[in-house]
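# Survey of secondary and tertiary structure
Letter by letter, the chains look like this.
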Amino acid sequence: MAAFLLKTEPSTYSLDDLARDGRTAWDGVRNHLAKTHLQAMQVGDEAFIYHSVDEKRVVGVARCVGPARPDPTDETGKFVCVDLEFVRRLARPVTLAEFKAAGWDDFELVRMSRLSCMAMPEDVRAWVLAQEQRPGGGA
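The present account deals with the structure reproduced in this document.

Rules behind the numbers
Residues numbered from 1 in each chain as written. Predicted model: local features only at pLDDT ≥ 70, side-chain atom pairs only at ≥ 80, totals over all residues. Heavy atoms only, no water. Helix = DSSP H or I, 4+ residues; strand = E, 2+ residues; numbered from the N terminus. Rg over C-alpha atoms; globule rule 2.2 N^0.38 Å. Buried < 20%, exposed > 50% of the residue type's maximum accessible area, 1.4 Å probe, protein only. Areas by Shrake-Rupley, 256 points an atom, 1.4 Å probe, with all protein chains shown as cover. Core = buried A, V, L, I, M, F, W, Y, C linked by side-chain atoms within 4.5 Å. Contact = heavy atoms within 4.5 Å. Salt bridge = Lys/Arg side-chain N within 4 Å of Asp/Glu carboxyl O. Pairing = 2+ DSSP bridges. Axes fitted to C-alpha atoms, helices over the stretch in contact; angles between N-to-C directions.

### Let's talk about the overall build of the protein
If you tally the helices and strands in the protein, you get 5 helices and 6 strands. When its helices and strands are written in sequence order, the protein yields β-α-β-α-β-β-β-α-α-β-α. Scaling as 2.2 N^0.38, a compact globule of 139 residues should have a C-alpha radius of gyration of about 14 Å, and the protein matches this with 14 Å. Expressed as a percentage of its 139 residues, the buried residues of the protein come to 48%. For the protein, the computed accessible surface area is about 7000 Å², with 49% contributed by carbon and sulfur atoms.

Next up, the structure:
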């Protein structure tokens with residue numbers, strides 16, 4: 001099972017929206033590198049949901065329940081979407097500042113701040129889950 005980080009503006013579609021809906025098509029991605037990551041997602045892969053803009057933090061976990069398919073919102077036919085289902089909220093969100101303070105400078109979240117979908121290496125995934133259990137932070 002692989003893990004990915006998917007960024008969203010919470011005013012557009014938030015983790016609360018996904019929790020309410022239960023399942024959604026993760027569409028609207030218009031970057032070719034992000035598209036490559038979406039195409040790599042397989043059924044069962046984890047997707048850590050990151051609220052961008054004002055929050056800048058990982059807030060929850062979803063699961064890929066459908067392979068990449070043409071994005072119905074893309075009139076050019078070049079981009080893809082995947083189907084996700086809500087899994088859970090993180091007990092404590094993990095902020096971008098925490099990623100930076102921990103020295104994850106090579107992780108795409110830190111290196112490529114505008115990239116909306118990225119693979120999450122296993123060591124980063126494990127670190128996020130460990131941070132979730134620590135008191136404080138995340139706000």
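### Details of the nonpolar core
In terms of nonpolar packing, the biggest core is built from 40 residues, with Leu 6, Met 41, Leu 84, Phe 99, Phe 107 and Val 128 touching the most fellow members. Setting aside anything within four residues of it in sequence, one finds Phe 107 in contact with Leu 5, Phe 99, Met 118, Ala 119, Met 120, Pro 121 and Val 124.

### Thoughts on the pattern of salt bridges
Scanning all chains against the criterion turns up 12 salt bridges. Ionic pairing is found between Asp 17 and Arg 20, a salt bridge with its closest N-O pair at 3.0 Å. Placement of both Asp 17 and Arg 20 in helix α1 (residues 15–21) is noted, with a separation of 3 residues, approximately one turn of the helix. The class of Asp 17 is buried, set by a relative accessible area of 17%.

### Focus: unusual backbone geometry
Of note, the phi angle at Val 53 is positive, near 65°, even though the residue is not glycine. If you trace the backbone, Val 53 turns up in the loop between β3 (46–51) and β4 (57–70). Notably, Lys 56 is not glycine yet its phi reads approximately 50°, a positive angle. As for its placement among the helices and strands, Lys 56 is situated in the loop between β3 and β4.

### Focus: the environment of Leu 33
Along the polypeptide, Leu 33 turns up in helix α2 (residues 32–40). The partly exposed category is assigned to Leu 33, whose relative accessible area is 32%. Between the C-alpha atoms of Leu 33 and Asp 71, which are 38 residues apart in sequence, the distance is 15 Å.

### Here we look at the sheet that holds β3
Sheet architecture is open: 6 strands sit in the order β2-β5-β4-β3-β1-β6, paired in mixed fashion. The sheet terminates laterally at β2 (23–26) and β6 (117–119), the two strands that pair on one side only. Between one strand axis and the next, the sheet turns by 35° as a mean value, whatever way the strands run. With 3 bridges joining them, strand β1 (residues 3–8) and β6 adopt antiparallel strand pairing. Pairing of Leu 5 across the sheet is with Met 118, part of β6. Helix-sheet contacts for α2 involve β1, β4, β5 (80–95) and β6, and the interaxial angle to β6 is about 55°. Docked against the sheet, helix α5 (residues 122–132) engages β1, β3, β4 and β5, running at close to 45° with respect to β5.

Shape is all these values report; function is a separate question.
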